[in-house]
Amino acid sequence: MRGSRGLIAALIGLSALATLRPQVQERQKAAGLVIEGADTQGMASDVAVPTLALGAFRGLVVDYLWVRTITLREQGRTYEARVLAEQIGRLQPRLPAVWDYLGSHLAYDLAATANDAETRWAWIQNGLDLVREQGLAKNPTSSRLCYTLSRIYQDKVNATMDDFHLDFKREHMLRMRRAGIHLASVIELASAPGLSALAAQDEAALEVLVAYSKLRGLGEISEIEPTLLCAAHHRYRYEGLPPADGVSPAEVAFLVSLEKSPAGNRVLISCAAQSLREIGFDPEHMRQVNADYGPLRWQSSFSAPIYWAAKGVMLAEAKGDVAQKVRCRRAALQGLKNAMRSGRSELQKDIAGGGKLIPLNLPNLLLIPHLERLYIEGALEAREDLKAMSKSKEFDVDAFRAAASFEINQQQARKDFLMEAVILLSEYGRDVEGKLLHARARKAYPEEPSFQTPYQDFLITIMMNRVTDTGAMDTVDTMTQGLMGLYQRAFTSLAVGEDDRFRTYDRLARARISRWRAYVRATLEEDPAAAQRLKVDVKQIYYRALKQAARQLRHVGHKLKLAQRMKVDPGWLLGKGARVRPAGGGGR
């Protein structure tokens, strides 16, 4: 009797399961947690077997594991959370949130546990590679993962919060240069054929490839590794490093000789295009980003977040996902603004510091007109999106809020950008462009008082606000602090070879001194005693700022260059030996 009851109960359960299964499947599909059987093609067996075995209920298991992962992370048990997330990645590789989590865990959580630059960079690079090579490979239309890559580059490489941020910037530049980004423009790289195609259509290039294949003992041209070729060429030619990765001196000499022949250059460019694709940067997309966002310096880490955010914008537009498009567009514009500030990156050898390569990040002023255009277009596009959504029968509240917020944000963001861009143009001696931009800002934002002042007054006010704690200009403390700040920036610019910027800050310091002296003279007529208290030792401030600038420079070569340019004794400037008067220079 009991057996019959158990059988009846089991039959009822199976009947209920059969009834509920279609509903479960529909809910899992709607949540993006179902992979059809055909989707397992190309997957490794450890992924495909559990995917098919669990069937529709795999989504329920993933749901449970995902909730458990979040709980573990909130409890600080990050290692266990990561293991569970990896299991989810095997069960549900088409879930972008999993790859977002895993990549972020490597780049943020695990990188923070390392105490040296090399290990931290390894964790950051592992996080980037995981999201790109596994997450995006399995979810090629995911704008979310493109945003993740943009965010990691911006937060962990380009931001200055980490003590090793300059090391990260150098390592990214070396990675791009070893892939051959410096060998040609992105237009040339985008149109470069693969090595097999090049060999088929170019006899001279074929001879070069055959000679290189024999030198390496390769049977076929197809066995040539473009990444190895480009990296070996750069390490020896530009970094001064001995041959590595099994490359012989004869091979290195051959690689260097390629630059001297047109056919050899075509081979290098073809290898560079393929090498860049292998590390995740498609020259064709880079070319499109340049066309849409402005001329980027692609060896710079400041270009990377724009690359991925722009890709996210394209994918979100294709899906009609307004909220995600807005998110990625904001990231692209923020990245472009940072590239305007620091995206003209170069690698220099610090001769006095042992020959170590150091990154020098300078403003890319060519991006200014493109940023202004994009801010205007962004606000107009958001307005059009809002109109379209308000007329749509299927009203998406989240998308509407995102577009409305973006439109408002662009107005304020453009104002902040204009203020900064005018200052940058002035700093680098481009006052004609600065005055034109200041005039456009005055017209666009009549309610902003700073834009309504004359150009020179605008510069001095903004500069003084930057280098002092308050905007006040009527005390000895703020005058001293402001003058110190202006001169420090001037001397730092001179040390790294930015002469135009040095002249601008020096000019502003002189103008500030003249205004202060006029203020003191006016006070003298009313209150001689008060005027006496307003005296400022400009010469002392000048030399204090010079020494402070030298202390803040990271590299010995820059310190020595500053001493040479200012004609002062290096021992005095670096604080070594007896304290002596400068050999040159001068106060104001």
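Residues numbered from 1 in each chain as written. Predicted model: local features only at pLDDT ≥ 70, side-chain atom pairs only at ≥ 80, totals over all residues. Heavy atoms only, no water.

Novice: Sorry, what's going on with the nonpolar core here?
Specialist: As a rule of thumb, soluble globular proteins bury nonpolar side chains together. Core analysis: the biggest nonpolar cluster contains 147 residues, and Phe 281, Tyr 293, Phe 491, Leu 546 and Leu 562 have the highest contact counts within it. Sort the elements by how many residues they give to this core and helix α19 (residues 397-427) lands first, with 12 residues. Sequence-distant contacts of Leu 546, that is, excluding residues within four places in its chain, are made with Phe 491, Leu 562, Met 566, Val 568, Trp 572 and Leu 573. (Core = buried A, V, L, I, M, F, W, Y, C linked by side-chain atoms within 4.5 Å. Buried < 20%, exposed > 50% of the residue type's maximum accessible area, 1.4 Å probe, protein only. Helix = DSSP H or I, 4+ residues; strand = E, 2+ residues; numbered from the N terminus. Contact = heavy atoms within 4.5 Å.)

Novice: Sorry if this is basic, but what is going on with the pattern of salt bridges here?
Specialist: Opposite charge on two side chains permits pairing when their charged atoms draw close. Going through the model one piece at a time under the given rule, you end up with 31 salt bridges. Arg 237 is the salt-bridge partner of Glu 259, the closest N and O atoms lying 3.2 Å from each other. Of the two residues, Glu 259 is situated in the loop between α13 (249-258) and α14 (262-278) and Arg 237 in helix α12 (residues 226-237); the sequence distance between them amounts to 22 residues. We classify Glu 259 as partly exposed; its relative accessible area is 23%. Taking the relative accessible area as the measure of exposure, Arg 237 reaches 38% and is therefore partly exposed. (Salt bridge = Lys/Arg side-chain N within 4 Å of Asp/Glu carboxyl O.)

Novice: How do you make sense of helix α8 (residues 165-178) when you look at a structure like this?
Specialist: Residues lying three or four places apart along an α-helix face the same way, a consequence of the helix completing one turn every 3.6 residues. Helix length check: α8, at 14 residues, gives a terminal C-alpha distance of 20 Å against a target of 20 Å (1.5 Å per residue), a fit within 8%. Of all 14 residues that make up α8, 11 are buried, and the element is covered over most of its length. Within α8, burial applies to His 165, Leu 166, Asp 167, Phe 168, Lys 169, Arg 170, His 172, Met 173, Leu 174, Met 176 and Arg 177. One or two residues past the end of α8 sits Gly 180, with phi positive at roughly 100 degrees. (Expected span 1.5 Å × (residues − 1).)

Novice: Even after reading the chapter, I still don't get the packing of aromatic side chains, so can you show me in this structure?
Specialist: Ring pairs (aromatic) are described by centroid distance and by the angle formed between their planes. Throughout the structure, instances matching the rule amount to 15 aromatic pairs. Judged by centre distance (5.5 Å) and plane angle (40 degrees), the ring pair of Tyr 375 and Phe 417 falls under tilted. Of this pair, Tyr 375 sits in helix α18 (residues 368-391) while Phe 417 sits in helix α19, and the two are 42 residues apart along the sequence. Here the aromatic cluster, defined as three or more aromatic residues joined through ring pairs, consists of Tyr 487, Phe 491, Phe 502, Tyr 542, Tyr 543 and Trp 572. Here the basic side chain of Arg 177 rests over the ring of Tyr 238, its NZ or CZ set 5.1 Å away from the ring centre. Directly above the ring of Trp 572 sits Lys 547, whose terminal nitrogen or CZ lies 5.1 Å from the centroid. (Phe/Tyr/Trp six-rings, centres within 6.5 Å; stacked < 30°, edge-to-face > 60°. Lys NZ or Arg CZ within 6 Å of the ring centre and 35° of its normal.)

Novice: Is there a simple way to think about the confidence of the model for the protein in this case?
Specialist: Close reading of the predicted structure is inappropriate where its pLDDT is low. Residues at a pLDDT of 70 or more form 77% of the protein, whose mean pLDDT is 80. The secondary structure element of the protein with the lowest average pLDDT is helix α2 (residues 45-54), at 45, and the one with the highest is helix α15 (residues 283-293), at 97. Note that residues 27-57 has pLDDT below 50 and, in this model, 51 contacts with residues that lie over four places away or in other chains. Confidence drops under a pLDDT of 50 for residues 577-588, and excluding neighbours within four residues, the segment shows 31 contacts in the predicted structure. (pLDDT = per-residue confidence, 0-100.)

Novice: Would you take a moment to explain the environment of Phe 502 for this structure?
Specialist: In this fold, Phe 502 is placed in helix α23 (residues 499-526). Separated by 11 residues in sequence, Phe 502 and Phe 491 have C-alpha atoms that sit 6.5 Å apart. In this structure Phe 502 touches Ala 490, Phe 491, Ser 493 and Leu 494, once residues within four positions along its chain are discounted.

Novice: Would you mind going over the environment of Glu 346 with me for this structure?
Specialist: The topology assignment puts Glu 346 in strand β1 (residues 344-350). You can call Glu 346 partly exposed: its relative accessible area is 28%. Through-space distance from the C-alpha of Glu 346 to that of Leu 357 is 9.7 Å; in sequence the pair is 11 residues apart. Discounting residues that sit within four places of it in the chain, Glu 346 has contacts with Met 173, Gln 299, Ile 358, Pro 359 and Leu 360.

Novice: I'm lost on the side chain of His 285 in this one. Help?
Specialist: When you line up the elements, His 285 lands in helix α15. When its relative accessible area of 7% is taken as the criterion, His 285 is described as buried.

Novice: How should I be thinking about the packing of helix α7 (residues 143-158) against helix α16 (residues 304-319) in this particular structure?
Specialist: The description of two packed helices rests on the angle between their axes and on the distance between the axes. For the pair α7 and α16, the least separation of the axes is 8 Å and the interaxial angle reads 165 degrees. Between α7 and α16, the crossing angle belongs to the class labelled roughly antiparallel. Where α7 crosses over α16, the handedness of that crossing is left-handed. Every residue of α16 that contacts α7 at Ser 143, Cys 146, Leu 149, Ser 150, Tyr 153, Gln 154 and Asn 158 is listed here: Ala 304, Pro 305, Trp 308, Ala 309, Lys 311, Gly 312, Leu 315 and Ala 316. Residues belonging to the contact of α7 with α16 are distributed by class as follows: 9 nonpolar, 5 polar and 1 charged. (Axes fitted to C-alpha atoms, helices over the stretch in contact; angles between N-to-C directions. Parallel < 35°, antiparallel > 145°, perpendicular 65-115°, else oblique. Left-handed = near helix turned anticlockwise from the far one by under 90°. Nonpolar A, V, L, I, M, F, W, Y, C, P; charged D, E, K, R; others polar.)

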